[in-house]
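A look at the structure
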Amino acid sequence: MDFSLTPQQTMLQKLAAKFAENEVEPIAAEIDRTGKFPADTFEKMAKAGFTGIGTPKEYGGSGCGDVEKVIVVSEIAKKCAATAAILSIHTIFASVIMKFGNEDQKKKYLPEVTNGGALGAFALTEPNAGSDAGSAKTTAIFDESAGEYVLNGTKCFISGGSQAKYLLIFALTDPSKGLKGLSCIIVEKGMPGFSIGKIEDKLGICASETAELIFDNCRVPKENLVGREGKGFNIAMTALDGARIGVAAQALGIAEGALDLSVKYMHERVQFGKPIASLQGLQWYIADMATKTEAAKWLVYYAAYLKSTGQNHTKIAAMAKYNAAENARFVTNLALQIHGGYGFMKDYPLERMYRDAKITEIYEGTSEIHKVVISRAVLDGK
Ligand code: COS
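Predicted model only: the values in this text are computed from it and were never measured.

Conventions we followed
Residues numbered from 1 in each chain as written. Predicted model: local features only at pLDDT ≥ 70, side-chain atom pairs only at ≥ 80, totals over all residues. Heavy atoms only, no water. Helix = DSSP H or I, 4+ residues; strand = E, 2+ residues; numbered from the N terminus. Rg over C-alpha atoms; globule rule 2.2 N^0.38 Å. Buried < 20%, exposed > 50% of the residue type's maximum accessible area, 1.4 Å probe, protein only. Contact = heavy atoms within 4.5 Å. Areas by Shrake-Rupley, 256 points an atom, 1.4 Å probe, with all protein chains shown as cover. Lys, Arg positive; Asp, Glu negative; His and termini not counted. Charge placed at Lys NZ, Arg CZ, Asp CG, Glu CD. Near = heavy atom within 4 Å. Polar contact = N/O pair within 3.5 Å; in protein donor to acceptor, adjacent residues only side chain to side chain. Nonpolar A, V, L, I, M, F, W, Y, C, P; charged D, E, K, R; others polar. Domains from an automatic or database assignment. Axes fitted to C-alpha atoms, helices over the stretch in contact; angles between N-to-C directions. Phe/Tyr/Trp six-rings, centres within 6.5 Å; stacked < 30°, edge-to-face > 60°. Lys NZ or Arg CZ within 6 Å of the ring centre and 35° of its normal. Buried area = accessible area lost by both parts, 1.4 Å probe. Salt bridge = Lys/Arg side-chain N within 4 Å of Asp/Glu carboxyl O. Expected span 1.5 Å × (residues − 1). Bend = angle between axes of the 7 residues up to and from the residue. Parallel < 35°, antiparallel > 145°, perpendicular 65-115°, else oblique. Left-handed = near helix turned anticlockwise from the far one by under 90°.

1. Here we look at the overall build of the protein
- Scanning the protein from N- to C-terminus turns up 10 helices and 10 strands.
- Whereas a compact globule of 382 residues would reach a radius of gyration of roughly 21 Å, the protein reaches 21 Å, a difference of no more than 12%.
- Dimensions along the principal axes, computed over C-alpha positions, put the protein at roughly 80 × 45 × 40 Å.
- Put simply, the protein has 382 residues, and 53% of those count as buried.
- Within the protein, contacts between residues at least 6 apart in sequence are counted, and of these 73% link residues at least 24 apart.
- Total accessible area computed for the protein in this model is approximately 17,300 Å², and 54% of it derives from carbon and sulfur atoms.
- Here the protein contributes 43 positively and 43 negatively charged side chains, and the mean placements of these two sets differ by 3 Å.

Here it is, written out as structure tokens:
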């Protein structure tokens, strides 16, 4: 058993930390305030090779894998959870095409999404199909004469939906079969019949735009079907197993960032004639924050290790995400408390981190859904 990062992973961690400090931290407060997608930063992340993480070099990717993704996403999340979310969610598109797409799809889409030329998105959720993802109602009925799928319906809460050039849409090719009639289809921005609806105004990760997608007789060529018809739910669940490690990494980074800020503040802030680091009540906060964050970290890395070595990771990814998300809320809450009135003010990053942490308990599956996934696996002896 070896808990250390390889020399390459250590180098990547340093590179990502430097990138986060120089390119992400300076814009974090502003993009939170404006809610504007950081297009320049996305381009810089592509140049640094971050958008290609998880995709082999032959398809334009960076050639590294899941552990590296955790390293980069968590380093960026220390400074800005929204930017980390944009990166992490973007990589889902490529991971689905790599695993389930055919050779033509890999050649067509992967170079562009991995080099940052195009943002990818993943659209499963609908107004009446959130946790119960299998009850999606969007249809994709095949028109034999035209050789096209005709999509109708609405997706909601789609991260990056308004910015994405390529979107994975989960729709019923056979509505009579319920979730066994669900298929995965690539829709491209600008296809007739596809439009963007409401852009949500949110509590946190404001710069990661969340959009409604509307399909009104949207015609998509049959070659845009990913995998086989009826396999959409399995594709979505497999993708979510991986995406949950990304959210866990984001939550881990938020907690680590909040802990770092708290340690610095406790050494600098003087009250009652001495640094507040000397107050035992606050020392105990730090002990709890550090212990729980260390534990969260190793569960996240273990999930990434299992995925990267091709092992079943459904249960551990769910545990990692559930635990890291709860920890991010716990740690940001105490960090804000340590900062007192300053923590509550927008001049300091803590109130943003506190708001950003909350979504990690909700998206890519709520904590409650994760408990369902975990308990099913444990009770089944998996
Ligand atoms: N990987 C691959 N396939 C999976 C899977 C996984 N992790 N989990 C379930 N499946 C498959 C099952 O094997 C089954 O397929 P077969 O009938 O071919 O065997 C199918 O999916 C249905 O599984 P299940 O009966 O468990 O489905 P449920 O309706 O009970 O749903 C939960 C399971 C609740 C776990 C699922 O709906 C879920 O994860 N919901 C949350 C959705 C979510 O995270 N949304 C976030 C936003 S995405 S934009």
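2. Notes on the site of the ligand
- Near the ligand, the surroundings consist of 21 residues, among which Ser 131, Lys 180, Asp 241, Arg 244 and Arg 376 are the closest.
- A distance of 2.8 Å is found between a nitrogen atom of the ligand and a backbone nitrogen or oxygen belonging to Ser 131.
- One nitrogen or oxygen atom from the side chain of Asp 241 is found 2.9 Å from a nitrogen atom belonging to the ligand.
- With the chains in place, 70% of the 1,000 Å² that the ligand exposes on its own is no longer accessible.
- With 7 residues, helix α6 (residues 232-268) is the largest single contributor of residues to the shell around the ligand.
- Tallied by class, the residues present in the shell around the ligand amount to 9 nonpolar, 7 polar and 5 charged.
- Residue contributions to the shell around the ligand reach at least three from each of two domains, namely domain 2 (121-230) and domain 3 (233-379).

3. A short note on the packing of helix α3 (residues 66-79) against helix α7 (residues 280-308)
- Relative orientation of the contacting elements α3 and α7 amounts to 145 degrees, with a least axis distance of 7 Å. Contact residues: Asp 66, Val 67, Val 70 and Ile 71 in α3; Val 300, Tyr 301, Ala 304, Tyr 305, Lys 307 and Ser 308 in α7.
- Taken together, the residues that form the contact of α3 with α7 break down as 7 nonpolar, 1 polar and 2 charged.

4. Regarding unusual backbone geometry
- Unlike most non-glycine residues, Phe 157 shows phi in positive territory, near 60 degrees.
- When you line up the elements, Phe 157 lands in strand β3 (residues 148-159).

5. What about the packing of aromatic side chains?
- Scanning the entire structure with this criterion turns up 12 aromatic pairs.
- Centroid distance Phe 93 to Tyr 109: 5.9 Å. Interplanar angle 75 degrees. Geometry classified as edge-to-face. Note that Phe 93 is positioned in helix α4 (residues 81-100) and Tyr 109 in helix α5 (residues 103-114), a separation of 16 residues in sequence.
- The class for Phe 93 is buried, based on a relative accessible area of 0%.
- An aromatic cluster is present here, built from Phe 3, Trp 298 and Tyr 301 joined pairwise through their rings.
- Looking at Lys 292, its charged tip hangs above the ring of Phe 330, at a distance of 5.0 Å from the centre.

6. A look at the domain arrangement of the protein
- The domains assigned to the protein are domain 1 (7-118), domain 2 (121-230) and domain 3 (233-379).
- The straight-line distance from the C-alpha centre of domain 1 to that of domain 3 is 20 Å.
- Listed by partner, the interface residues are 24 residues for domain 1 and 28 residues for domain 3.
- The largest share of the area that domain 1 buries against domain 3 comes from Asp 66, Val 70 and Lys 78, three residues that together contribute 28% of it.
- Joining domain 1 to domain 3, the criterion identifies 2 salt bridges.
- Between Asp 32 and Arg 355 there is a salt bridge, with its nearest N and O atoms 2.8 Å apart.

7. Comments concerning α6
- In this model α6 runs 53 Å from its N-terminal to its C-terminal C-alpha over 37 residues, within 8% of the 54 Å that 1.5 Å per residue would give.
- Within α6, the axis deviates most sharply at Asp 241, by approximately 25 degrees.
- With 28 of 37 residues buried, α6 is to be regarded as a mostly interior element.

8. Side note on the packing of α7 against helix α8 (residues 314-344)
- Between α7 and α8, the least distance of the axes is 9 Å, while the angle of their chain directions is 155 degrees. The angle between the axes of α7 and α8 places the two elements in the roughly antiparallel class. Handedness of the crossing formed by α7 with α8: left-handed.
- When grouped by side-chain class, the residues that make up the contact of α7 with α8 number 21 nonpolar, 4 polar and 2 charged.

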